[in-house]
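Report on the structure
Single-letter residue listing:
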Amino acid sequence: MSNDAATAIPAVDGPQDPQGAQQELPTHGLGASLPSADARAKTEGTFPYASDLWAEGLLWAAILRSPHAHARVVSVDTTAAAEMPGVRAVVTHADVPGNATYGRTVADRPVFAADLVRHHGEAIAAVAADHPDTARLAAAAIAVEYELLEPVTDPEKAFAAAPLHPDGNLIRHIPLRYGDPDAAGEVIVEGLYRIGRQDPAPIGAEAGLAVPRPDGGVEIYTASTDPHTDRDLAAACFGLTPDQVKVVVTGVPGATGDREDPGFQIPLGLLALRTGCPVKLAATREESFLGHAHRHPTLLRYRHHADAEGRLVKVEAQILLDAGAYADASSESLAAAVAFACGPYVVPHAFVEGWAVRTNNPPSGHVRGEGAMQVCAAYEAQMDKLAARLGLDPAELRLRNVLATGDILPTGQTVTCPAPVAELLRAVRDYPLPALPMDSPEDGWLLPGGPEGAGEPGAVRRGVGYAVGMVHMLGAEGTDEVSTATVKVSGGVATVICAAVETGQGFSTLARQIVQETLGIDEVHVASVDTDQPPAGPATHGRHTWVSGGAVERAAKMVRTQLLQPLAHKFGMSTELLQITDGKITSYDGVLSTTVLEAMDGKELWATAQCRPHPTEPLDDAGQGDAFVGLAFCAIRAVVDVDVELGSVRVVEMAVAQDVGRVLNPAQLATRIEAGVTQGIGAALTENLRTPRGLVRHPDLTGYALPTSLDAPDIRIVKLVEERDVVAPFGAKAASAVPVVTSPAAVASAVRAATGRPVNRLPIRPQAAVAVPKS
């Protein structure tokens, strides 16, 4: 990413006054670019991750995983492993004292395979030994006899295939019916689209430490992003009550989806309970790829109807999510895919069929923008087709159809939040295009393929493409969203206690800013997270900015009232007439002026508060219902250079406009958007976890091509629309998911413009980027 990209972020550089002069940014509180408190420790390598933990008498764990995608387990013989010197315990399905299965929405996934293996990498047994090499050797020594079964890897064939699970192969079906089924447009375009399997690829592989307790319980130290749910699932499998299991959250080494799947935590805790010793697990990168969930591969069929002016009349779609072997988050992902199948466009009539099915592929689950990203790639391809058919500019066609506040989604829900989609799209359309590359030999590095690329400048074509995307914030379909926070102040120092996990989204920094803003105290500490604290819910869908940030704000305001009431009473005024600025308390008339520290007078103040947004409801049998608390939107213009002979693609620039509600931390917001765009570019061009016959091929970072800093283009944040959502604390919206959703569609649109090819599959394969020869 170029160093001058920040010059294109006016809202991040600082707000402008009406005369255009730059206003000075605050140095603390909301609106300040407050750095992360752990930034120095992370850069110096002293930040404690789970893989760094140690305990006296430590044992090491290893998990034996199935080499097959589908097989009957005839027998499991652990004798040789158990007799190896240094091995302290071997556990299989027969050693699970509580529930044999677990799952966040449906308890359909076994802790260890008993009768059947349903995906490559499924856990069969686990070993604890006094050395990591001994543990792995012992796991390899477990003799498992399999009867191989034909895997079901095509989700379309799952409907007619024999049941892969007692619950059947169909996880959920959502038929959305909106408007007149007989409505038709003058122009019709159709398309079939496929989205590949993207891995969350955390920078740090899964790791954890389980420590048995004297009361027969266990403590699990791991990078969980939803510790209370993980505790409850683990306790049920251990045959313990939730209060006998404690999950302590360590440093999270990156999270763009679920972290630390219970499939890693539960075997670890079982071994600690069996041996009575601390047990540590540090997964290899291969084990990480095999063990955690991925983005749903998706098959989409679309038919768009429009009138002669390009206004949408009807959208028909079929969406099929490959859930892999188990349900996980597939129901929620399908709801998002179906609800957003038409995109941020006004569609009078919509008929969508959505299915999520089990296969023998690796499990799918939470990955940023799940469901919404897949349909965005498809509906934006359809908009490009419509524009080409009607001879319209692609941006203009989109502008004729975009949603605005007050419009109605195909689910029947009215868009009550700010929806400045047209403003966003105009901003990226009108932003100056980057200069064309020179054809001189000195600029050969500009060619797709890099400095040593085999292409010729004459074969490079430039393409410009557009996409607009949307995501929902918080949980959906009746999820009870709630978070609890406590704010304590003593000796001029504030402490925030909240079980919202810092995953890199910036919650810890935001919590500090909220307290600084409300109480005027600069020194604010955020306590580490464990399940002894009240629950705050999972770190997904921008939840913690909204519900956990809202809980912190409410608790801080309660402490503020405690602080100001004695002063207000003494001077005969209400607390509303007092303000706190830069650590000083002053009255509206200037009679009172003191510092926060003086007003504290050695007291300790504290308050606990909850935040719970308005309720939602499940989609009904026709796909109708007010299922979402809030929505966020983004528009992106992609500029690409394509070698139309070799099919190689270089993303030159991504111009981004996003509605953010309110900028709470300018530098942090820019980083989140840039990271989201880059992750989306990976989904567009390189990231595809290949699974022929259900077997994960090349489960490592050599075979799975992540975009690096050298692959990141200039990312120009050309506009941040700060139209506050009145029902959200601070008015802010989720920031990182919607650029992930939108950027793959924008890149595909630009490649279409450069090559004239339909580009109906992500990631884009080289053969799909080779231009059609002109006749």
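Since the structure is predicted, the reported quantities are computational estimates derived from the model, not experimental observations.

1. A few points about the overall build of the protein
Check the secondary structure of the protein and you find 16 helices and 29 strands. At 27 Å, the protein has a C-alpha radius of gyration in line with the 28 Å of a compact globule built from 775 residues. Overall size of the protein, expressed as C-alpha extent along the three principal axes, is 85 × 80 × 60 Å. Residues classed as buried in the protein amount to 60% of the 775 residues present. Within the protein, residue pairs in contact and separated by at least 24 positions form 79% of the contacts whose partners lie at least 6 positions apart. Of the charged side chains in the protein, 62 are positive and 92 negative; the average position of the first set lies 2 Å away from that of the second.

2. Digging into the packing of aromatic side chains
Taken as a whole, this structure holds six aromatic pairs when the rule is applied. When the centroid spacing of 6.1 Å and the interplanar angle of 90 degrees are considered together, the rings of Tyr345 and Tyr379 count as edge-to-face. Separated by 34 residues along the polypeptide, Tyr345 in the loop between helix 8 (330–339) and strand 17 (349–358) and Tyr379 in helix 9 (residues 372–390) bring together distant segments of the chain. Just as Tyr345 is buried, Tyr379 falls in that class too. Positioned above the aromatic ring of Phe264, the side-chain terminus of Arg65 is 5.2 Å from the ring centre.

3. Focus: the sheet that holds strand 12 (residues 218–222)
Strand order across the open sheet formed by seven strands is 3-7-1-14-11-12-13, with mixed pairing between neighbours. In this open sheet, the two edge strands, each paired with only one partner strand, are strand 3 (87–91) and strand 13 (245–249). Ignoring which end each strand starts from, the neighbouring axes of this sheet average 20 degrees apart. Here five bridges tie strand 12 to strand 13, and the two strands are oriented parallel to one another. By the bridge assignment for strand 13, Thr222 is matched with Val249. Of the strands in this sheet, strand 1 (59–65), strand 3, strand 7 (123–129) and strand 14 (279–282) touch helix 4 (residues 132–141), which is tilted by about 25 degrees from strand 1.

4. A look at the side chain of His544
Here His544 shows up in helix 13 (residues 543–571). Engagement of the side chain of His544 in a polar contact is seen with the side chain of Ser548, the distance being 2.7 Å. With sequence-adjacent residues up to four places away left out, His544 is seen in contact with Ala500, Val501, Gln505, Phe507, Ala536, Gly537, Pro538, Ala539 and Gly549.

5. Considerations on helix 13
With 29 residues, helix 13 extends 41 Å from end C-alpha to end C-alpha; this agrees with the ideal 42 Å at 1.5 Å per step. Within helix 13, the axis deviates most sharply at Leu564, by approximately 35 degrees, and proline Pro566 lies no more than four positions further along. Two residues or fewer past helix 13, Gly572 is found with a positive phi of approximately 65 degrees.

6. Focus on the pattern of salt bridges
What the rule picks out here adds up to 33 salt bridges. Between Glu477 and Arg172 there is a salt bridge whose closest N-O contact spans 2.8 Å. Of this pair, Glu477 sits in the loop between strand 18 (460–476) and strand 19 (483–490) while Arg172 sits in strand 9 (residues 170–178), and the two are 305 residues apart along the sequence. Taking the relative accessible area as the measure of exposure, Glu477 reaches 15% and is therefore buried. Judged by relative accessible area, which is 18%, Arg172 ranks as buried. Measuring nitrogen to oxygen at the nearest pair gives 2.4 Å for the salt bridge that ties Asp659 to Lys733. Of the two residues, Asp659 sits in strand 27 (residues 648–659) while Lys733 sits in the loop between strand 28 (714–721) and helix 16 (737–755), which places them 74 residues apart along the sequence. For Lys733, a relative accessible area of 5% corresponds to the buried category.

7. Notes on the environment of His131
Tracing the sequence through the fold places His131 in the loop between strand 7 and helix 4. Residue classification places His131 among the partly exposed residues on the basis of a relative accessible area of 38%. Considering only alpha carbons, one finds His131 and Leu59, 72 residues apart in sequence, at a separation of 6.7 Å. Within the local environment of His131, its side chain forms a polar contact with the backbone nitrogen of Asp133, the two atoms lying 3.0 Å apart.

About the cut-offs
- Residues numbered from 1 in each chain as written.
- Predicted model: local features only at pLDDT ≥ 70, side-chain atom pairs only at ≥ 80, totals over all residues.
- Heavy atoms only, no water.
- Helix = DSSP H or I, 4+ residues; strand = E, 2+ residues; numbered from the N terminus.
- Rg over C-alpha atoms; globule rule 2.2 N^0.38 Å.
- Buried < 20%, exposed > 50% of the residue type's maximum accessible area, 1.4 Å probe, protein only.
- Contact = heavy atoms within 4.5 Å.
- Lys, Arg positive; Asp, Glu negative; His and termini not counted.
- Charge placed at Lys NZ, Arg CZ, Asp CG, Glu CD.
- Phe/Tyr/Trp six-rings, centres within 6.5 Å; stacked < 30°, edge-to-face > 60°.
- Lys NZ or Arg CZ within 6 Å of the ring centre and 35° of its normal.
- Pairing = 2+ DSSP bridges.
- Axes fitted to C-alpha atoms, helices over the stretch in contact; angles between N-to-C directions.
- Polar contact = N/O pair within 3.5 Å; in protein donor to acceptor, adjacent residues only side chain to side chain.
- Expected span 1.5 Å × (residues − 1).
- Bend = angle between axes of the 7 residues up to and from the residue.
- Salt bridge = Lys/Arg side-chain N within 4 Å of Asp/Glu carboxyl O.

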